[in-house]
Amino acid sequence: MGKLSDDMKKNAVVLQKPSGTIAIRVDLDAIQRKFYNALLFIAKQELKKNINKDEFSIVLSDLKTTLRRDGEADKNNSYYIVKLKELKLKNAEYNILGKDQNDWDIEGIVSLVSDLKIKRHRKTDQVVITFELANIIKRALIDPKGIYANINLVIIAGLKSKYAIILYELVKDYEKVEIPEMTIENFRKLFNVENKYPKMPDLKRWVLEPAIRELNENENVDFLVSYELKKTGKVYTHIKFHVKPKPAQIKLKQQAKKVLAEELKENTEAKELLAMIPPEYREKAKVVSVVLGGLKERGKDYTKAQIEYTVEKYKAGKVKDFVIYLKKAMEEDYAGFERVETDILTPEDAVGYSGYIYGKNGEKVVVRIGHVKKDQDGDYLVRLDRADTGELYEWWKKDEDWLLERARRKKEKKL
């Protein structure tokens, strides 16, 4: 026990999964599919040592390492115990695609787990899962002449959708040959959607396209999947999956995106700056790269000034390509940050800065900072005058940073 958690820290933990346990019709969610693969992996490792072994064990905390690292494994143990108990009750129809070829047409039903025990240590509260597999599955795991698919449990751990997991395993099951054209009926059985999404647009929207997109965008998956639907008359009756190696250029791009995501994870300053960027751009790899690079080379204040300047121009409709403009702003100091910072500015330098505010009735009022002083508490009081008449409009209480920013903007307009 404990070996799987050590293995899952690697880039690849390969389960040689019998084909008969892939093309099955069974209702499992993503967590249960990941757990079942882990149980098969543990059983296979133990059967290599003792071919007659019937009972296998794994610590629940070890089993949970087969889940994603973004919160899926953070629920309490009772939640996962329920998932395992439900898994024990599942029966699967196997050989859906007729891959077992001989003189007989085989249809079979098997219990995925034939016996399950949950053991909790009274002192340490450690939970151990003890299980047995049906003989037909156990024999398939050790059959030297069997047909196997090399399933990477680390990749499976990173998949969110159960449909993506099913499709990944299907592709790996036919890794060296074409995936055969299958009827829509068999596709629905395999993906367990016989009673869901009766209309083809819904089936594509909720099953096919999300699964394919998730696999194609995964930086660890080395292939691209596409599909075509075929009609008999006016009705879709067959589906054909096409698989090709992922081009090196796409692999490098996805790997670079992964590196950026890891770098961003613990960088609170970068997250704060990215939040200032319009939502449609803030997750783009090039934008993240520019912001991280700006922080490293020029610091937070400089990077923030360029982002603010770019966003302001973008909102004013003066920027055609946000990403390119931000990159050039960072390189050439469009915001004039360093030019302004060469002079020593004080809050009082904000006097004379003009802008507009909205009055109590929603009218637009152009005002100018007429005077800045400190009160007895050390806070800054700012007198706003009407720009057209010079008359007092109102007094504001503002902090030093706000005033320095207005001083910078005033200075920038004069340069």
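Residues numbered from 1 in each chain as written. Predicted model: local features only at pLDDT ≥ 70, side-chain atom pairs only at ≥ 80, totals over all residues. Heavy atoms only, no water.

A. Quick look at the overall build of the chain. The helix and strand tally for the chain stands at 17 helices and 15 strands. Every one of the 415 residues in the chain was classed for burial, and the buried ones make up 42%. Of all intrachain contacts in the chain linking residues separated by at least 6 positions in sequence, the fraction that spans at least 24 positions is 60%. Accessible surface, the chain as shown: approximately 24000 Å² in total, 47% of it carbon and sulfur. (Helix = DSSP H or I, 4+ residues; strand = E, 2+ residues; numbered from the N terminus. Buried < 20%, exposed > 50% of the residue type's maximum accessible area, 1.4 Å probe, protein only. Contact = heavy atoms within 4.5 Å. Areas by Shrake-Rupley, 256 points an atom, 1.4 Å probe, with all protein chains shown as cover.)

B. Local environment of the nonpolar core. Counting 81 residues, the largest nonpolar core has F131, L167 and F241 as the members making the most contacts within it. The element best represented in this core is helix α2 (residues 30–49), accounting for eleven residues. In this structure, L274, V290, L292 and F322 belong to the second largest nonpolar core, which totals 24 residues. (Core = buried A, V, L, I, M, F, W, Y, C linked by side-chain atoms within 4.5 Å.)

C. Structural view of helix α14 (residues 300–315). Over its 16 residues, α14 extends 22 Å from the first C-alpha to the last, a length consistent with the 22 Å expected when each residue adds 1.5 Å. All of the buried residues along α14 are Y302, T303, A305, Q306, I307, Y309, T310 and V311. Where α14 terminates, the next one or two residues include G317, which has phi positive at roughly 80°. (Expected span 1.5 Å × (residues − 1).)

D. Quick look at the pairing of strand β10 (residues 223–232). As defined by bridge partners, β10 adjoins strand β11 (residues 235–245) across ten bridges and the pair is classed as antiparallel. The residue bridging S226 from the neighbouring strand is H242, located in β11. Here β10 folds back onto β11, and the loop between the two strands holds two residues, one of which, G233, carries a positive phi near 75°. (Pairing = 2+ DSSP bridges.)

E. Local environment of the pattern of salt bridges. Scanning the model with the defined rule gives 21 salt bridges in all. Across the pair E169 and K17 runs a salt bridge whose closest N-O atoms are separated by 2.8 Å. Here the residue E169 occupies a position in helix α7 (residues 162–173), and K17 occupies one in strand β1 (residues 14–18), the gap between them amounting to 152 residues. With relative accessibility at 5%, the residue E169 sits in the buried group. Overall, the relative accessible area of 4% leaves K17 in the buried class. Here K117 ties to E55 by a salt bridge, and the two come within 3.2 Å at their closest N and O atoms. (Salt bridge = Lys/Arg side-chain N within 4 Å of Asp/Glu carboxyl O.)

F. Representation of the packing of α2 against helix α4 (residues 77–88). α4 packs onto α2 with a crossing angle of 75° between their chain directions and a minimal axis gap of 10 Å. On the basis of the axis angle, α2 is roughly perpendicular to α4. Of the residues in α4, those touching α2 at I31, Q32, F35, Y36 and L39 are Y79, Y80, K83, L84, E86 and L87. A class-by-class count of the residues in the contact of α2 with α4 yields eight nonpolar, one polar and two charged. (Axes fitted to C-alpha atoms, helices over the stretch in contact; angles between N-to-C directions. Parallel < 35°, antiparallel > 145°, perpendicular 65-115°, else oblique. Nonpolar A, V, L, I, M, F, W, Y, C, P; charged D, E, K, R; others polar.)

G. Layout of unusual backbone geometry. In this structure, D125 takes a positive phi of about 65° despite not being glycine. If you trace the backbone, D125 turns up in the loop between β6 (115–120) and β7 (127–132). The phi dihedral of Y197 is positive, around 50°, even though this residue is not glycine. Within the secondary structure, Y197 is located in the loop between α8 (184–190) and α9 (200–217).

H. Up close: the environment of N218. If you trace the backbone, N218 turns up in the loop between α9 and β10. Since its relative accessible area comes to 10%, N218 is described here as buried. Note: C-alpha distance between N218 and G158 (60 residues apart in sequence) is 8.4 Å. A polar atom in the side chain of N218 sits 2.7 Å from the backbone nitrogen of N220. (Polar contact = N/O pair within 3.5 Å; in protein donor to acceptor, adjacent residues only side chain to side chain.)

I. Expanded view of a negative patch on the surface. A grouping of E269, D301, E348, D399, E400 and D401 is seen on the molecular surface, where their side chains present a negatively charged patch. Checked against the element boundaries, E400 lands in helix α17 (residues 400–414). (Patch = residues over 30% accessible without salt bridge, like charges linked within 9 Å, V, L, I, M, F, W, Y side chains within 5 Å. Lys, Arg positive; Asp, Glu negative; His and termini not counted. Charge placed at Lys NZ, Arg CZ, Asp CG, Glu CD.)

J. Examining the packing of aromatic side chains more closely. Counted under the stated rule, the structure contains 13 aromatic pairs. Their ring planes at 90° and their centres at 5.1 Å tell us that Y79 and Y80 sit as a pair that is edge-to-face. By relative accessible area, which is 29% here, Y79 ends up partly exposed. Taking 5.1 Å as the distance between ring centres and 70° as the angle between the ring planes, the aromatic pair formed by Y325 and Y334 counts as edge-to-face. Members of the aromatic cluster, connected to one another through ring pairs, are Y163, F187, F191 and F241. In this structure, R298 packs its charged tip against the face of Y302, placed 4.2 Å from the ring centre. Between the NZ or CZ atom of K373 and the centre of the ring of W395, over which it lies, the distance is 5.0 Å. (Phe/Tyr/Trp six-rings, centres within 6.5 Å; stacked < 30°, edge-to-face > 60°. Lys NZ or Arg CZ within 6 Å of the ring centre and 35° of its normal.)

K. Structural detail: the sheet that holds strand β14 (residues 380–386). Spatial strand order, β12-β13-β14-β15: four strands in an open sheet with antiparallel pairing. Because the sheet does not close on itself, it has two edges, and the strands there are β12 (354–358) and β15 (392–398). For this sheet, the mean inter-axis angle between neighbouring strands, taken without regard to orientation, is 40°. Where strand β13 (residues 364–374) and β14 come together, seven bridges link them in antiparallel fashion. If you follow H371 over to β14, its bridge partner there is R383.

L. Representation of the environment of G293. You can see G293 is positioned in helix α13 (residues 285–298). For the pair G293 and M330, spaced 37 residues apart in sequence, the C-alpha to C-alpha distance is 9.3 Å.

M. Up close: the side chain of K172. With respect to the helices, strands and loops of the structure, K172 is situated in helix α7. On the accessibility criterion, K172 (11% relative accessible area) is buried. Beyond its immediate chain neighbours, meaning those up to four positions away, K172 contacts A149, N150, I151 and F223.

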